[in-house]
Amino acid sequence: LNDCRLPDDVSPLKLLLRRLFEPELRIKPGISFPGHPPSFSADIFVQADSYWLEQAMNNVIVPNIGDVAQDVYEIATSALTRYFELHTALGQVYGGHDPISRMRHAIEPHQQNQYGDDATLAVDLAREAASALASSRGALAIASDLLARDVPILGRIAAWIVAEA
């Protein structure tokens, strides 16, 4: 990703980002007791290494966000929607908040977000792309789109977009 030259390499960038941000489910057997259903634990993860993704984001994507905003927006919001669907299926959504939204202290860059999980960079990319799109299409249009997806973290990004406008 760090070798991408935008806008020329936008097609490979899109393919890589889609694959790297696609959340996957890892199910591990737990301890089973007689007379009880089998237990398991489940983790949601992405294939990408956070360090290299962050480098690509900071060195390639964000400096060229105007060229790739729509594509990055769709990839990041789709990944976050899929995370939410998986967390919902696993019963990890409480009071309308999934683990991503609960663990994310601020939508804007913030020191407390530096120890996030695999979804942290997807939130950062969605924020950067939504901000770029809001500059050209209007904050309310982008916020409406984010809210229509009915995903808590995307709702928080929508509120941030409007507040920043």
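Everything numeric here is computed off the predicted structure, so don't read it as measured data.

### Notes on the overall build of the protein
Counting its regular elements, the protein contains seven helices and two strands. Along the protein, helices (α) and strands (β) appear in the sequence α-β-β-α-α-α-α-α-α when read from the amino end. Since a compact globule built from 165 residues should have a radius of gyration of about 15 Å, the 17 Å found for the protein is in line with a globular shape. Referenced to the eigenvectors of the C-alpha coordinate spread, the extents of the protein come out at roughly 60 × 35 × 25 Å.

### Regarding the side chain of His87
Turning to its location among the elements, His87 is positioned in helix H3 (residues 65-89). Among the polar contacts listed, one links the side chain of His87 to the side chain of Gln92, at a separation of 2.6 Å. Excluding its chain neighbours within four sequence positions, the residues that come into contact with His87 are Ile44, Gln92, Val93, Asp98, Pro99 and Ile100.

### Here's the deal with the nonpolar core
Nonpolar side chains in soluble globular proteins tend to be buried together. Counting 49 residues, the largest nonpolar core has Leu80 and Ile157 as the members making the most contacts within it. Elements with a contribution of two residues or more to this core: helix H1 (10-21), helix H2 (50-61), H3, helix H5 (119-137), helix H6 (139-148) and helix H7 (152-164). Beyond its immediate chain neighbours, meaning those up to four positions away, Leu80 contacts Ile100, Ala119, Ala122, Val123, Ala126, Val151, Ile153 and Leu154.

### Points about the packing of H5 against H7
Two numbers describe how H5 lies on H7: the axes approach to 10 Å, and their chain directions differ by 40°. The orientation of H5 relative to H7 falls into the category oblique. Every pair of crossing elements has a handedness; the one defined by H5 and H7 is right-handed. For the pair formed by H5 and H7, the contact residues are Val123, Ala126, Arg127, Ala130, Ser131 and Ala134 on the first element and Ile153, Ile157, Trp160 and Ile161 on the second. Class assignment for the residues of the contact of H5 with H7 results in eight nonpolar, one polar and one charged.

### So, H3
The sharpest bend along H3 measures roughly 40° and falls at Asp71. A positive backbone phi angle near 75° is found at Gly91, which sits one or two residues after H3.

### Remarks on the pattern of salt bridges
Scanning the model with the defined rule gives 10 salt bridges in all. Here Arg82 and Glu85 are joined by a salt bridge, their closest N and O atoms 3.9 Å apart. Taken as a pair, Arg82 and Glu85 lie in helix H3 at a separation of three residues, close to a single helical turn.

### Quick word on a nonpolar patch on the surface
Together, Leu25, Ile27 and Phe40 give the surface a local cluster of nonpolar side chains, amounting to about 310 Å² of exposed area. Inspection of the secondary structure assignment puts Ile27 in strand E1 (residues 24-29).

### Quick word on H2
Inspection of H2 places Leu53, Ala56, Met57, Val60 and Ile61 among the buried residues, and these make up the whole buried set. Buried residues of H2 fall within an arc of 115° about the axis and therefore sit on the same side. Where H2 is buried, its residues meet H1, H3 and H5.

### Observations concerning the environment of Asp124
When you line up the elements, Asp124 lands in helix H5. Taking the C-alpha atoms as reference points, Asp124 and Glu108, 16 residues apart in sequence, are found 7.9 Å from one another. With residues near it in sequence (within four places) discarded, Asp124 still touches Met57 and Arg104. Separated by 3.1 Å, the side chains of Asp124 and Arg127 make a polar contact.

Conventions used here
- In this numbering scheme, every chain counts its residues from 1 along its sequence in written order.
- Given that the model is predicted, a residue must reach a pLDDT of at least 70 before its local features are reported, and side-chain atom pairs must reach 80 or more before they are shown or counted; all residues, however, enter totals for whole chains, interfaces and linings.
- Side-chain calculation: all heavy atoms of the structure are included, whereas hydrogens and water are not.
- Secondary structure elements follow DSSP: runs of H or I no shorter than four residues count as helices, runs of E no shorter than two count as strands, and numbering proceeds from the N terminus.
- The globule rule used for comparison is 2.2 Å times the number of residues to the exponent 0.38, while the radius of gyration itself is calculated over C-alpha atoms.
- Here a polar contact is recorded for every N or O atom pair within 3.5 Å, except that within protein the pair must consist of a potential hydrogen donor and a potential acceptor, and residues adjacent in sequence are included only if both atoms are side-chain atoms.
- The contact criterion used throughout is that any non-hydrogen atoms of two residues lie within 4.5 Å.
- For our purposes a nonpolar core is just a set of buried Ala, Val, Leu, Ile, Met, Phe, Trp, Tyr and Cys residues, chained together by side-chain atoms within 4.5 Å.
- Accessible area is worked out with a 1.4 Å probe on protein chains only. A residue is then buried under 20% of its type maximum, exposed over 50%, and partly exposed in between.
- Between N-to-C directions, angles cover 0 to 180 degrees, with each direction set by a line fitted to C-alpha atoms, over the stretch in contact for helices.
- Should an angle fall under 35 degrees it is taken as roughly parallel, and over 145 as roughly antiparallel, whereas 65 to 115 is taken as roughly perpendicular and any remaining angle as oblique.
- Take the far helix as the reference: if the near one is turned anticlockwise from it by less than a right angle, the crossing is left-handed, and if turned clockwise, right-handed.
- Gly counts as polar in this scheme, as do all residues outside two lists: the nonpolar Ala, Val, Leu, Ile, Met, Phe, Trp, Tyr, Cys and Pro, and the charged Asp, Glu, Lys and Arg.
- What the bend at a residue measures is the angle between two axes, fitted to the seven residues ending there and to the seven starting there.
- A pairing counts as a salt bridge when a side-chain nitrogen of Lys or Arg comes within 4 Å of a carboxyl oxygen of Asp or Glu.
- Residues enter a patch when their relative accessible area is above 30% and they make no salt bridge; the linking distance is 9 Å between like charges and 5 Å between nonpolar side chains (Val, Leu, Ile, Met, Phe, Trp, Tyr).
- Per-residue accessibility takes into account occlusion by the displayed protein chains alone, with areas from the Shrake-Rupley method and a 1.4 Å probe.
- Directions pointing from the helix axis toward each C-beta atom define the arc.

Spatial relationships are all this shows, so hold off on functional conclusions.
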